[in-house]
Amino acid sequence: MIHVLYINRFYITLTVLLIFSTAAYGAESTTKEQVHSQALADAQRDAQLAVNKVTWQLTGCVGNVFGIGAALIYEPRIPTDRLMGKSPEYVGYYANEFRRETKSLQVYHAATGCSAFGIGFFLWYILG
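Residues numbered from 1 in each chain as written. Predicted model: local features only at pLDDT ≥ 70, side-chain atom pairs only at ≥ 80, totals over all residues. Heavy atoms only, no water.

Moving on: the state of the cysteines. In the structure shown here, the tally under the stated rule is 0 disulfides. Free cysteine: C61, not disulfide-bonded; nearest cysteine sulfur from C114 at 8.3 Å. With a relative accessible area of 27%, C61 lands in the partly exposed category. (Disulfide = S-S within 2.5 Å. Buried < 20%, exposed > 50% of the residue type's maximum accessible area, 1.4 Å probe, protein only.)

This is the structure in structure tokens:
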């Protein structure tokens, strides 16, 4: 009888520990996922504000392929005031996404300007 109680107590303790460890792991991963998604959303919003659409369209229009190359090379500064007091994971996710998003927007707007110049030149050549 005592042996049976000992085994039941062992399994009950093991089950409780397993439940607590699983719950703690789930809470930690949820927090990391929230930090990751928040950092990505913040970086994308800030990248939209940091990239000047008109400047990059003019760069693509005047510089053509070289303007697109400049958009690929140029990296705007990461706004450090947005990162004050944030965790290292947040800063890493934010920095990577901010760089990726700004380059993507810069290249898009420079390519739009280059295309507009190409279409305008083609129409000038055909109609002129």
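Moving on, there is more to tell.
Another point: the packing of helix α2 (residues 53-63) against helix α4 (residues 88-127). Contact geometry of α2 with α4 gives a least axis separation of 6 Å together with a crossing angle of 50 degrees. Viewed along their axes, α2 and α4 adopt a mutual orientation that is oblique. α2 and α4 meet at a crossing whose hand is right-handed. Contact with α2, carried on its side by K53, W56, Q57, G60 and C61, involves Q106, H109, A110, T112, G113, C114 and F117 of α4 and no other residues of that element. Looking at side-chain class alone, the contact of α2 with α4 contains 5 nonpolar, 6 polar and 1 charged residues. (Axes fitted to C-alpha atoms, helices over the stretch in contact; angles between N-to-C directions. Helix = DSSP H or I, 4+ residues; strand = E, 2+ residues; numbered from the N terminus. Parallel < 35°, antiparallel > 145°, perpendicular 65-115°, else oblique. Left-handed = near helix turned anticlockwise from the far one by under 90°. Contact = heavy atoms within 4.5 Å. Nonpolar A, V, L, I, M, F, W, Y, C, P; charged D, E, K, R; others polar.)

Our next topic: the side chain of D42. Secondary-structure assignment places D42 in helix α1 (residues 2-50). A relative accessible area of 9% means that D42 is categorised as buried. Looking at D42, its side chain comes within polar contact range of the side chain of Q38, at 2.8 Å. Residue contacts for D42: discarding those within four places in its chain leaves Y90 and Y94. (Polar contact = N/O pair within 3.5 Å; in protein donor to acceptor, adjacent residues only side chain to side chain.)

Let's shift gears to the pattern of salt bridges. Counted according to the given criterion, the structure contains 7 salt bridges. Residue D42 pairs with R45 through a salt bridge whose shortest N-O separation is 3.2 Å. One end of the pair is D42 and the other is R45, both in helix α1 and 3 residues apart, which spans about a single turn. For R45, a relative accessible area of 39% corresponds to the partly exposed category. The partner of D46 in a salt bridge is R45, with the nearest N and O atoms 3.5 Å apart. Looking at D46, the relative accessible area reads 4%, which means it is buried. Salt bridges sharing partners connect three or more residues here, namely D42, R45, D46 and R82. (Salt bridge = Lys/Arg side-chain N within 4 Å of Asp/Glu carboxyl O.)

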